[in-house]
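Examining the three-dimensional arrangement
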Number of protein chains: 2
Amino acid sequence: MSNKKTTLKDIAGKLNISTAAVSKALRNDSRISKKTKEAVKKIAKDLDYQPNNLASALRSGKSNLVGVMVPSTSSSYFSSVLQNIEEVLNSKGYNVIVTQSNESYTKECNNIDTLLFTQVDGIIASMANETIDLNYFEKIKSKGIPLILFDRGENNLNVDYIGINDYDSSHMIVNHLVQEGRKNIAHIGGFKHTRIFNNRIRGYIDALQKHKLTLFDDYVSESNLTIEDGRAQMKKLLALKNPPDAVYAASDYAALGALQVLKEEKIAVPKTIALVGFGNEPFTTMVTPTITTIDQHSAEIGKIAAQTFLEYADQKTTTQQLNKKILEAKLIVRESS
Amino acid sequence: MSNKKTTLKDIAGKLNISTAAVSKALRNDSRISKKTKEAVKKIAKDLDYQPNNLASALRSGKSNLVGVMVPSTSSSYFSSVLQNIEEVLNSKGYNVIVTQSNESYTKECNNIDTLLFTQVDGIIASMANETIDLNYFEKIKSKGIPLILFDRGENNLNVDYIGINDYDSSHMIVNHLVQEGRKNIAHIGGFKHTRIFNNRIRGYIDALQKHKLTLFDDYVSESNLTIEDGRAQMKKLLALKNPPDAVYAASDYAALGALQVLKEEKIAVPKTIALVGFGNEPFTTMVTPTITTIDQHSAEIGKIAAQTFLEYADQKTTTQQLNKKILEAKLIVRESS
DNA sequence: TACTTTTGGTTAATCGATTAAGCAAATATA
DNA sequence: TATATTTGCTTAATCGATTAACCAAAAGTA
């Protein structure tokens, strides 16, 4: 009924011993008698003692907090990565602070500042679409804090990166569409300045070439890949003199937007136009037709990211270098192709 | 290039003044000369000084951290609430630690422990489906930390609660279905021990009564309301001698499961059976037919929850009582009814 | 007996920022 | 000129947990 937090001092006071003795008793120091240990533990339990992490963190220089920054938690990909990071880190005594950038560079900078301010022991992040300037990420490195990137990363930062093979994924998709007899394949892409989207575009172009298909300039676009972007790009494609017979969108959201337009225009999917997305968001199985897509192994990426952080966790000096862990993605063929 | 964090001491050393002077200079204390202030600020900037929150938090007793616990961040409802909590609290200098219970009581207890351990200044939570025992939530109160519940809350805890009017929502749904000429309305419900689901069931039953409709025992079920639960319950309903002509599911996920079964069985929706969900998850607009549902004002609930915490934030003693803020929900009629 | 070792603690310093209290020098006031 | 006030800092204590260094008493050993 105290309505106050219990400290070592409270326990020490009850037993007329020093706080040092209490601290040692709780950590089973060999120089404390069994009798004292038992007494301390009993009182600790009675008073519902919980160590003040701020104090230990300040002294030890470790907060046991890890910052995670994602563009948005509502995408099921990021949500799943997050959940797995949390699971791995919690089991090792770390807590996770989650922040969202909402694809905004400004928000991302603010988030980094608050994470550093909170004295996190490390940062795991996926960059916003907007982000081009890497200064703020360099700041993390200069503070000696391990930085792990996943999904949206940058080679130039020279830190660990976990992701899938985007270039190969594009090949898998184009191969699949060609096998289905498609010849005019369009690509609703992300911005080239983001490495993963650039790789998807390169993969798409090279795959077309491999199959001796013509690459029409009008067939490739860059956008934020939202549902709205998908709608807009699909409308543009339909307005072309030679509309495509297959569309590969670099995100499921864009694919969904495209599908909406196709349905509104009563265009048969996949008969007239086949559609492929990217990300294996749950809604791809909910819509009609279900959408063919690429699975990005979100759970595994989260786990590996967390483990990568843990490798640095106990070292006093952090020297990172570019270290990529690339998973092979998986094509999931559904009704839309 | 230092690869180390800058402290007040570092700045003080450069200028040969005390750390106290540096601290005051940075906070614009009137007792520090303009000259010193400028010198301090310049060096602080050069060394990229960032105050150590652990130290200030320890001294002030405020961590500026708020814990948020939700059953899962992947539901768009919780994700949106989260985003709005974060927005409001960040603007007031608070950081948010997000934890997920995954609907597990054990995980919930662990999460509460870690949040308390991290010395959060307050906790905003929505309870797991499993949770019946409230001891762990009492623990939060006994530490003198404000606790704000939303969506899934409990009157007995006597704390602030923000949610929608579930009882009325059921009435709105039943009224709508009756207007559409339905007479046999079934309810795929959540567990009665959770207040909101109990209210939805009570609302459903009372609304039937109001319209002089018979309440068949077989028409009401309790479950976790996952997609799988929705599928199972829908199958049970279809197997009845007198299957319903309308189904009201207490979650969009359950509604989606039900819809899948109906489509598999080639049953016309809404012609043969009308369907209504709950929550206005984005996928309700993505599927065919789009699903009628209830909007829960997630953004507003997040904002109010955050503001409610802020009301307690500056008080040294927290005495909470049952204080409900109930929003009226909104029925969104779509193709499925 | 005289010394060493072990036991079971205590004292005091530390992490970094903040702030009450103090104090010397400069300035103002009577 | 003598006293009061203001300026501009410094000193030291604080938050709570941890730990190196220390010490007295008990137990062991030669």
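What counts, and where the lines are drawn
Residues numbered from 1 in each chain as written. Chains lettered and ligands numbered in written order. Predicted model: local features only at pLDDT ≥ 70, side-chain atom pairs only at ≥ 80, totals over all residues. Heavy atoms only, no water. Pairing = 2+ DSSP bridges. Helix = DSSP H or I, 4+ residues; strand = E, 2+ residues; numbered from the N terminus. Axes fitted to C-alpha atoms, helices over the stretch in contact; angles between N-to-C directions. Salt bridge = Lys/Arg side-chain N within 4 Å of Asp/Glu carboxyl O. Buried < 20%, exposed > 50% of the residue type's maximum accessible area, 1.4 Å probe, protein only. Core = buried A, V, L, I, M, F, W, Y, C linked by side-chain atoms within 4.5 Å. Contact = heavy atoms within 4.5 Å. Buried area = accessible area lost by both parts, 1.4 Å probe. Polar contact = N/O pair within 3.5 Å; in protein donor to acceptor, adjacent residues only side chain to side chain. Nonpolar A, V, L, I, M, F, W, Y, C, P; charged D, E, K, R; others polar. Near = heavy atom within 4 Å. Least-squares fit on C-alpha atoms with pLDDT ≥ 70 in both. Parallel < 35°, antiparallel > 145°, perpendicular 65-115°, else oblique. Left-handed = near helix turned anticlockwise from the far one by under 90°. Expected span 1.5 Å × (residues − 1). Domains from an automatic or database assignment.

**Concerning the sheet that holds strand β4 (residues 147-150) of chain A**
The pairing of strands in a sheet comes from backbone hydrogen bonds and takes either a parallel or an antiparallel form. All names here are of chain A. Spatial strand order, β2-β1-β3-β4-β5-β11: 6 strands in an open sheet with parallel pairing. Because the sheet does not close on itself, it has two edges, and the strands there are β2 (95-100) and β11 (323-327). Sheet twist, expressed as the average angle between the axes of neighbouring strands with direction ignored, equals 15°. The pairing of strand β3 (residues 122-125) with β4 spans 3 bridges and is classified as parallel. Paired with Ala 125 across the bridge in β4 is Leu 149.

**Brief notes about the pattern of salt bridges**
According to the stated counting rule, one finds 17 salt bridges over all chains in the structure shown. A salt bridge links Lys139(A) to Asp48(B); its shortest N-O distance comes to 4.0 Å. With Lys139(A) in helix α7 (residues 135-142) and Asp48(B) in the loop between α3 (34-46) and α4 (53-60), the pair connects residues from two separate chains. Exposure remark for Lys139(A): the relative accessible area of 14% places this residue in the buried category. We note a salt bridge from Asp151(B) to Arg152(B), for which the minimum N-O separation is 3.9 Å. Each of Asp113(A), Lys139(A), Lys143(A) and Asp48(B) takes part in salt bridges that share partners, so that together they form one network.

**Some words on the nonpolar core**
Inside soluble globular proteins, nonpolar side chains tend to come together where they are buried. Among the nonpolar cores identified, the biggest contains 174 residues, and Leu89(A), Ile124(A), Phe137(A), Leu89(B), Ile124(B) and Phe137(B) are the most heavily contacted of them. The contacts of Phe137(A), once residues within four sequence positions are left out, are Met69(A), Glu108(A), Ile112(A), Ala125(A), Met127(A), Thr131(A), Leu147(A), Leu149(A) and Leu157(A).

**Re the interface of chain A and chain B**
The interface is formed by 49 residues belonging to chain A together with 50 residues belonging to chain B. Note on chain A versus chain B: buried area summed over both sides is about 4700 Å², and carbon and sulfur give 49% of it. One can count 5 salt bridges joining chain A with chain B. Here chain A and chain B share 14 residue pairs in polar contact (both at pLDDT 80 or more) between them. Secondary-structure elements contributing two or more residues to the side of chain A that touches chain B are α4 (53-60), α5 (76-91), β2, α6 (105-117), α7 and α11 (252-264) of chain A. Sort the elements by how many residues they give to the side of chain A that touches chain B and β2(A) lands first, with 6 residues. Here the side of chain A that touches chain B is composed, by residue class, of 17 nonpolar, 22 polar and 10 charged.

**A word on the side chain of Gln119(A)**
By the secondary structure assignment, Gln119(A) is in the loop between α6 and β3. The contact partners of Gln119(A), leaving out residues within four places of it in the chain, are Ser63(A), Lys5(B), Pro51(B), Asn52(B), Asn53(B) and Leu54(B).

**Regarding the protein's contact with DNA strand C**
Neighbouring residues of DNA strand C: 22 residues in total, closest Ser18(A), Arg31(A), Ser33(A), Arg59(A) and Leu8(B). Protein-proximal atoms of DNA strand C, defined as those within 4 Å of the protein, fall in sugar or phosphate at a share of 52%. At a separation of 2.5 Å, a base oxygen of DNA strand C approaches a polar side-chain atom of Arg31(A). Contacts to DNA strand C include Ala55(B), whose backbone N or O atom sits 3.0 Å from a base nitrogen. Of all the secondary structure elements, the ones that give two or more residues to the surface near DNA strand C are α2 (19-26) and α4 of chain A together with α2 (19-26) and α4 of chain B. Partitioning the surface near DNA strand C into residue classes produces 9 nonpolar, 7 polar and 6 charged.

**Structural notes on the relation of the copies chain A and chain B**
Expressed as a screw operation, the relation of chain A to chain B combines 0.1 Å of axial shift with a rotation of 180°, fitting to an RMSD of 0.1 Å. What we have between these two chains is a two-fold relation. When the interface residues of chain A are mapped onto chain B, 100% of them again lie at the interface, so the same face is used by both copies.

**Examining the packing of helix α6 (residues 105-117) of chain B against helix α7 (residues 135-142) of chain B**
Residue and element names in this part refer to chain B. Taken N-terminus to C-terminus, the directions of α6 and α7 make an angle of 10°; their axes are 10 Å apart at the nearest point. Regarding the angle of α6 to α7, the classification is roughly parallel. For the pair α6 and α7, the sense of crossing is left-handed. The residues of α7 that touch α6, namely those facing Tyr 105, Glu 108, Cys 109, Ile 112, Asp 113 and Leu 116, are Tyr 136, Phe 137, Lys 139 and Ile 140. Of the residues contributing to the contact of α6 with α7, the split by class is 7 nonpolar, no polar and 3 charged.

**Observations regarding α11(A)**
Residues and elements named next belong to chain A. In this model α11 runs 18 Å from its N-terminal to its C-terminal C-alpha over 13 residues, within 8% of the 18 Å that 1.5 Å per residue would give. If you check which residues of α11 are buried, you get Asp 252, Ala 254, Ala 255, Leu 256, Gly 257, Ala 258, Leu 259, Val 261 and Leu 262. Those residues of α11 hidden inside the fold are in contact with β6 (185-189), α10 (227-238), β8 (246-249), β9 (274-276) and β10 (293-295). Looking at where α11 begins, the residue whose side-chain oxygen comes 3.1 Å from the main-chain nitrogen of Tyr 253 is Ser 251. Looking at the residues trailing α11, positive phi occurs at Lys 266, about 55°.

**Thoughts on the packing of α2(A) against helix α3 (residues 34-46) of chain A**
Relative placement of two packed helices is described by the angle separating their axes and the distance separating the axes. Residue and element names in this part refer to chain A. Contact geometry of α2 with α3 gives a least axis separation of 9 Å together with a crossing angle of 90°. Classified by the angle between their axes, α2 and α3 sit roughly perpendicular to one another. In contact with Val 22, Ala 25 and Leu 26 of α2, α3 contributes Lys 37, Val 40, Lys 41 and Ala 44.

**Things to note about the protein's contact with DNA strand D**
What surrounds DNA strand D is a group of 24 residues, the closest being Leu8(A), Ser18(B), Arg31(B), Ser33(B) and Arg59(B). Note that a base nitrogen of DNA strand D is positioned 3.0 Å from one of the backbone N or O atoms of Ala55(A). Here a base oxygen of DNA strand D and a side-chain polar atom of Arg59(B) are 2.5 Å apart. Mapped onto the surface near DNA strand D, the elements with two or more residues apiece are α2 and α4 of chain A together with α2 and α4 of chain B.

**Side note on the environment of Ala306(A)**
With respect to the helices and strands, Ala306(A) occurs in helix α12 (residues 298-313). Discounting chain neighbours no more than four positions away, the residues touching Ala306(A) are Ile85(A), Val88(A), Leu89(A) and Ile124(A).

**Structural notes on the domain arrangement of chain A**
Interface size is commonly expressed as the accessible area that is lost once the parts come together. All names here are of chain A. When the domains of chain A are assigned, the result is domain 1 (8-51), domain 2 (63-163 + 298-326) and domain 3 (166-295). Counting from both sides, the interface comprises 15 residues of domain 2 and, opposite them, 10 residues of domain 3. Here domain 2 meets domain 3 over a buried area of about 990 Å², counting both sides, of which 42% is carbon and sulfur. For the domain 2 face of the interface with domain 3, the top three residues by lost area are Ser 76, Asn 129 and Arg 152, together amounting to 43%. At the junction of domain 2 with domain 3, the criterion picks out 0 salt bridges. Taken together, domain 2 and domain 3 are joined by 6 residue pairs in polar contact (both at pLDDT 80 or more). Taken together, the residues of the side of domain 2 that touches domain 3 sort by class into 3 nonpolar, 7 polar and 5 charged.

**Here we look at unusual backbone geometry**
Residues apart from glycine generally show negative phi values, whereas peptide bonds are mostly found in trans. Cis rather than trans, the peptide bond between Thr288(A) and Pro289(A) has omega equal to -5°. Tracing the backbone shows Pro289(A) in the loop between β9 and β10. Non-glycine residue Gln119(B) carries a positive phi angle of around 65°. With a phi close to 65°, Leu225(B) is a non-glycine residue in the positive phi region. When you line up the elements, Leu225(B) lands in the loop between β7 (220-222) and α10 (227-238).

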